[in-house]
Amino acid sequence: MLFRSPHLFRFAIVRGALDVDISSKNASRMDGPAFHTAADIIQRAKKENLYYYFNLGFQFVEFDSWLNELSNLLHILRSGWSDHQLRVVQFYEKFGSQKSVAKELGITQQAVSSALRQACWKEVKRVENMIDEAMGKYSSYKCNSLYLPKQTRQLVKGSQQRR
């Protein structure tokens, strides 16, 4: 049985420096600009009633804004799904065919189709794919050095020169 969580979380997705070696695997001992930026944008997201907030420091600064808006729009769409729609979408993503979902859930293929349509699943999936594609493309672009401390700017600059 699938359950929906009654709890809502805010996510800060940032790119920045850490002052403690990431290999320590103890987040409570880590600190640095990335954590401070994340804390700041969590507060901003709370004030703006957003659940996802990106600050990735790319030179194309509008990119973060687009990610924020698209991610929060997806959140709004998904939060409106009924338990039935959520279950159908999850099984459709698992099995890949309406017929398989119908058999698994003991409903008609038409009921599966209707639930997917009402959930705007095709549109949601298209936006998810757009975000994934954009993140893949932009992750190879240069960071905007204005957002990074001096020592990190030097590391980024050095790694870009070696390419």
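Cut-offs applied
Residues numbered from 1 in each chain as written. Predicted model: local features only at pLDDT ≥ 70, side-chain atom pairs only at ≥ 80, totals over all residues. Heavy atoms only, no water. Core = buried A, V, L, I, M, F, W, Y, C linked by side-chain atoms within 4.5 Å. Buried < 20%, exposed > 50% of the residue type's maximum accessible area, 1.4 Å probe, protein only. Helix = DSSP H or I, 4+ residues; strand = E, 2+ residues; numbered from the N terminus. Contact = heavy atoms within 4.5 Å. Salt bridge = Lys/Arg side-chain N within 4 Å of Asp/Glu carboxyl O. 1 Å grid on protein atoms, 1.4 Å probe; cavity = no way out; pocket = protein on both sides within 12 Å on 5 of 7 lines; lining within 4 Å. Points joined across faces, edges and corners; volume = space filled by probe spheres on them. Nonpolar A, V, L, I, M, F, W, Y, C, P; charged D, E, K, R; others polar.

Visitor: I'm lost on the nonpolar core in this one. Help?
Guide: Across soluble globular proteins, you tend to see nonpolar side chains buried next to one another. Judged by nonpolar contacts, the single largest core of 22 residues is most densely connected at L67, W81, V88, V89, V101, V112 and L116. The set of elements that each furnish at least two residues to this core consists of α2 (62-79), α3 (83-95), α4 (98-105), α5 (109-118) and α6 (121-138). With near-sequence residues (within four places) excluded, V89 lies in contact with W81, L116, A119 and W121.

Visitor: What am I meant to see in the pattern of salt bridges here?
Guide: Side chains that differ in sign of charge can pair as their charged atoms come close. The full count for this structure, using the stated rule, is three salt bridges. Its salt-bridge partner being K125, residue E93 comes within 3.8 Å of it at the nearest N-O pair. Note that E93 is positioned in helix α3 and K125 in helix α6, a separation of 32 residues in sequence. Overall, the relative accessible area of 27% leaves K125 in the partly exposed class. A salt bridge links E128 to K125; its shortest N-O distance comes to 3.5 Å. Taken together, the positions of E128 and K125, both in helix α6 and three residues apart, correspond to about one turn of that helix. Within the structure, one salt-bridge network assembled from shared partners comprises R78, E93, K125 and E128.

Visitor: Quick question: what am I supposed to make of the layout of surface pockets here?
Guide: Taking a probe equal in size to a water molecule and rolling it over the atoms shows the remaining empty space. Approximately 160 Å³ is the volume attributed to the second largest pocket. Around the second largest pocket, the lining residues are Y92, Q98, S113, L116, R117, C120, W121, K122 and E123. Taken together, the elements giving at least two residues each to the lining of the second largest pocket come down to α5 and α6. Across the lining of the second largest pocket, the residue classes tally to four nonpolar, two polar and three charged.

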